[in-house]
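Understanding the architecture of this molecule
Letter by letter, the chains look like this.
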Amino acid sequence: MTVLLMSIPLVIMANNQHLLAALPSSVVEWKSVKATPTKVGEKRQFLDTPTETLENLEIHATTLNPGEFAHPAHQHPEEELMIVKEGTVEALVNGELKRVGPGSLIFQAPNKLHSIQNVGTTQATYHVLKWRTAKTAASATKP
């Protein structure tokens, strides 16, 4: 009985861990984030953490070499926002290819097939913001 009672606080703490580790207001400078080489360019991982209102907030920047795709077309239950920093990319959005440049926003709704490719002659860099909430898991079951 004692072991059971002592285990209850641990279960509560584990279930509320996201509240204890919520991201405070922050600044992350571009030059402070290490660029990790990939097969198609490079990636800078800014954040991948819970916040006070999100189960998870993931922010990174991808740089694609000319002609490269970030990865094959895919889908996931999280919503995703991309902001083009430099270069020209072509994004698959709602079954159509859209060509956009610096300053452009690309929003991908949950569970929709999408991709992004550098269609320019120089490197293309874009920021990615992806988040998960309590509703995210429910959207995974919707078509």
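A quick note: this is a predicted structure, and the numbers were derived from the prediction, not measured.

Digging into the pattern of salt bridges
Counted under the stated rule, the structure contains five salt bridges. Salt-bridge contacts for Arg99 lead to Glu90; the nearest nitrogen and oxygen are separated by 3.6 Å.

Structural notes on the packing of aromatic side chains
Summed over all chains, the structure comprises one aromatic pair. The ring centre of Trp30 lies 4.7 Å from the NZ or CZ of Lys85, which sits over that ring.

Observations concerning the sheet that holds strand β1 (residues 35-37)
Ordered in space as β1-β2-β3-β9-β4-β7, the six strands form an open sheet in which the pairing is antiparallel. The outermost strands of the open sheet, each flanked by one partner alone, are β1 and β7 (105-108). Mean inter-strand twist for the sheet, computed between neighbouring axes without regard to direction, equals 25 degrees. Across eight bridges, strand β2 (residues 41-49) lies against strand β3 (residues 56-64) in antiparallel orientation. Bridge pairing in β3 links Gln45 to His60.

Concerning the confidence of the model for the protein chain
Low pLDDT marks regions whose predicted coordinates should not be analysed in detail. Looking at the protein chain, the pLDDT average stands at 88 and 82% of residues meet or exceed 70. Taken together, the stretch residues 1-15 has pLDDT below 50 and engages in zero contacts with residues farther than four places along the chain or on a different chain.

Focus: the sheet that holds strand β8 (residues 115-118)
Across the sheet, which stays open at both edges, the three strands sit in the order β6-β5-β8 with antiparallel pairing between neighbours. Every other strand in the sheet has two partners, leaving β6 (96-100) and β8 as the edge strands with one partner each. If you compare each strand with its neighbour and ignore which way they point, the axes differ by 25 degrees on average. Bridging between strand β5 (residues 89-93) and β6 involves five bridges; their strand directions are antiparallel. Residue Val93 lies in a different strand from β6, and its bridge partner there is Glu96.

Structural notes on the environment of Glu55
Note on placement: Glu55 falls in the loop between β2 and β3. Judged by its relative accessible area of 40%, Glu55 falls in the partly exposed class. As for Glu55 and Arg132, which are separated by 77 residues in sequence, their C-alpha atoms are 5.4 Å apart. Every residue in contact with Glu55, bar those within four places of it in the chain, is listed here: Pro50, Arg132, Thr133 and Ala134.

Details of unusual backbone geometry
A positive phi is found at Asn94, a non-glycine position, where the angle reads about 55 degrees. Considering the arrangement of structural elements, one finds Asn94 in the loop between β5 and β6. By relative accessible area, Asn94 is classed as exposed at 65%. A positive phi angle, close to 60 degrees, is found at Asn111, a residue other than glycine. With respect to the helices and strands, Asn111 occurs in the loop between β7 and β8. Judged by relative accessible area, which is 15%, Asn111 ranks as buried.

Thresholds applied
- Residues numbered from 1 in each chain as written.
- Predicted model: local features only at pLDDT ≥ 70, side-chain atom pairs only at ≥ 80, totals over all residues.
- Heavy atoms only, no water.
- Salt bridge = Lys/Arg side-chain N within 4 Å of Asp/Glu carboxyl O.
- Phe/Tyr/Trp six-rings, centres within 6.5 Å; stacked < 30°, edge-to-face > 60°.
- Lys NZ or Arg CZ within 6 Å of the ring centre and 35° of its normal.
- Pairing = 2+ DSSP bridges.
- Helix = DSSP H or I, 4+ residues; strand = E, 2+ residues; numbered from the N terminus.
- Axes fitted to C-alpha atoms, helices over the stretch in contact; angles between N-to-C directions.
- pLDDT = per-residue confidence, 0-100.
- Contact = heavy atoms within 4.5 Å.
- Buried < 20%, exposed > 50% of the residue type's maximum accessible area, 1.4 Å probe, protein only.

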